[in-house]
Amino acid sequence: QRMAREAAAAAEPTVSTNTDPAGGSGRDDSDSTVGPADEGGCDSEPASAPALCEFADVETLELLSARLLNTMATRVVQGGLQPSDAMAEVRGLLSEKLSSAKKGPRGLAVLHARLEKLEARRSFGGRFVSNAADKVAGKARELEVRGEYRHGGRQRLALELVQRYDTTREWHCGCDMEQLGSTERERHLTSCVFRPVGCSHAGCTALFSARYEAAHDGSCEFKVVRCALGCKESLPRRDMEAHVAGPCAMRPAECPFRALGCLAPGLVQGEVASHLEEARDAHLQLAMARLLQQDQELSELRQAMTEMRAAAETTAATSASAAASTIAGLQKKIAALEAGQAAAQAAAKKSAAQAKDTTAALATRLAKLERERG
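Residues numbered from 1 in each chain as written. Predicted model: local features only at pLDDT ≥ 70, side-chain atom pairs only at ≥ 80, totals over all residues. Heavy atoms only, no water.

Trainee: Just checking my understanding: could you explain the overall build of the protein for this structure?
Mentor: The secondary structure content of the protein amounts to 12 helices and four strands. Burial status across the protein gives 31% buried among its 374 residues. In the protein, the share of contacts with a sequence separation of at least 24, taken over all contacts with a separation of at least 6, comes to 59%. Element-wise, carbon and sulfur atoms account for 56% of the exposed surface of the protein, whose accessible area totals about 23,400 Å². (Helix = DSSP H or I, 4+ residues; strand = E, 2+ residues; numbered from the N terminus. Buried < 20%, exposed > 50% of the residue type's maximum accessible area, 1.4 Å probe, protein only. Contact = heavy atoms within 4.5 Å. Areas by Shrake-Rupley, 256 points an atom, 1.4 Å probe, with all protein chains shown as cover.)

Pasting the structure below:
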């Protein structure tokens, strides 16, 4: 709110004898030098009132005001200047000539390029400053707290720079107020598209130029609007999302009996109670039908379980009989194998005895033959 009041005060139009159509600072040459009041900061008042409308784009002034503070803090930290000298450098941009070339930067782009050039200047010691960005930010806060570069003064300096460099009047009005009659002047003060206006919606502190009023109104989070779904409620736009997702009577809803088959197309939250009352009999029928269906399904499940149990028992009995038969068959095979093995062993023993007898007979005969030959 303080910034809004200061911006409005800085843009309050006044009148002087200078009608420079180039959009200059609106001061006579004798007033362009920096006097003692200027050396202490940005809060000095202009020596004379300009003849041009001083309304300018509020956002542009705000951004440029912040940029000026950063530029001057940079010159103090990295340029080794005193605050008054840094301010004098920036105010010196008001007297620099503007190029008439058709190519190259134009308008405020020229101003920002010159500010960048100032910021790039380094003293010998400034080249070795560590954590320069943090120190510049700290110095900017220090200067603003000390009051050397208070917001209102920087806004005034920003306005003068915009008037000087915005030659196409894209970001400020610059209307020659001396050419207007008193009635036209009053009308202009209340209709200029660059005049600062505050949001009219309760709770919103936004300040902007009048030309953005409609755009802001279309997006202001504090504006009270009718419910997006069409219920009778009106509420701030920032609360709309929670409203339509929660208590809105027109929020799409489903019947609690939807799982039983009640589709109720087009039902909204505000109609659920009346729908339940009107469709009570239909819901009861749906519930009874579902109960009967569940009873039938339970009966079928019980029957299926009984049949499965019987089949399992039959299968178990059959399997046991088959297993017993298989075991008996295996036992018979084992007995037969054992009997065959015993017979084979007896035959082997008999064959071994016969072979022994035959061997003995042959040995006796061989001995006899050897005696007969000898």
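Additional details are given in the paragraphs that follow.
Trainee: When you look at the side chain of His 172 in this model, what are you seeing that I'm missing?
Mentor: On the secondary structure map, His 172 appears in the loop between helix H7 (151-165) and helix H8 (182-191). Only 2.9 Å separates the side chain of His 172 from the side chain of Asp 166, close enough to count as a polar contact. (Polar contact = N/O pair within 3.5 Å; in protein donor to acceptor, adjacent residues only side chain to side chain.)

Trainee: Would you mind going over the nonpolar core with me for this structure?
Mentor: In summary, soluble globular proteins display a tendency toward joint burial of nonpolar side chains. With 29 residues, the main nonpolar core has Leu 64, Leu 68, Leu 111 and Leu 161 as its most contacted residues. Not counting the four nearest positions on each side in its chain, Leu 111 is found in contact with Leu 64, Leu 93, Leu 161 and Tyr 165. By size, the runner-up hydrophobic cluster in this structure holds seven residues, among which are Cys 175, Met 177, Cys 192 and Phe 194. (Core = buried A, V, L, I, M, F, W, Y, C linked by side-chain atoms within 4.5 Å.)

Trainee: Which parts of the structure should I look at to understand the pattern of salt bridges?
Mentor: Opposite charge on two side chains permits them to pair, given that their charged atoms come into close proximity. A complete count under the given rule lists 13 salt bridges for this structure. Residues Arg 211 and Asp 57 are paired through a salt bridge, measuring 3.5 Å at the closest nitrogen-oxygen approach. Of this pair, Arg 211 sits in the loop between strand E2 (207-209) and helix H9 (213-217) while Asp 57 sits in the loop between helix H2 (36-39) and helix H3 (58-79), placing them 154 residues apart in sequence. The exposure class assigned to Arg 211 is partly exposed, which follows from its relative accessible area of 33%. When the shortest N-O distance is used, the salt bridge between Glu 277 and Arg 280 registers 3.7 Å. (Salt bridge = Lys/Arg side-chain N within 4 Å of Asp/Glu carboxyl O.)

Trainee: Got a minute to help me understand unusual backbone geometry in this structure?
Mentor: Working note: non-glycine residues mostly have negative phi, and peptide bonds are mostly trans. Of note, the phi angle at Asn 131 is positive, near 50 degrees, even though the residue is not glycine. Counting through the fold element by element, Asn 131 comes out in the loop between helix H5 (108-120) and helix H6 (132-146). Phi at Ala 264 is positive, roughly 45 degrees, even though this residue is not glycine.

Trainee: Hey, could you run me through H3 in this one?
Mentor: Each α-helix winds once per 3.6 residues, and so residues spaced three or four apart point in a common direction. Counted at 1.5 Å a residue, the expected span for H3 with its 22 residues is 32 Å, and the 30 Å between its end C-alpha atoms agrees. With 17 of 22 residues buried, H3 lies mostly within the body of the structure. Positioned one or two residues after H3, Gly 80 has a phi angle of 70 degrees, which is positive. (Expected span 1.5 Å × (residues − 1).)

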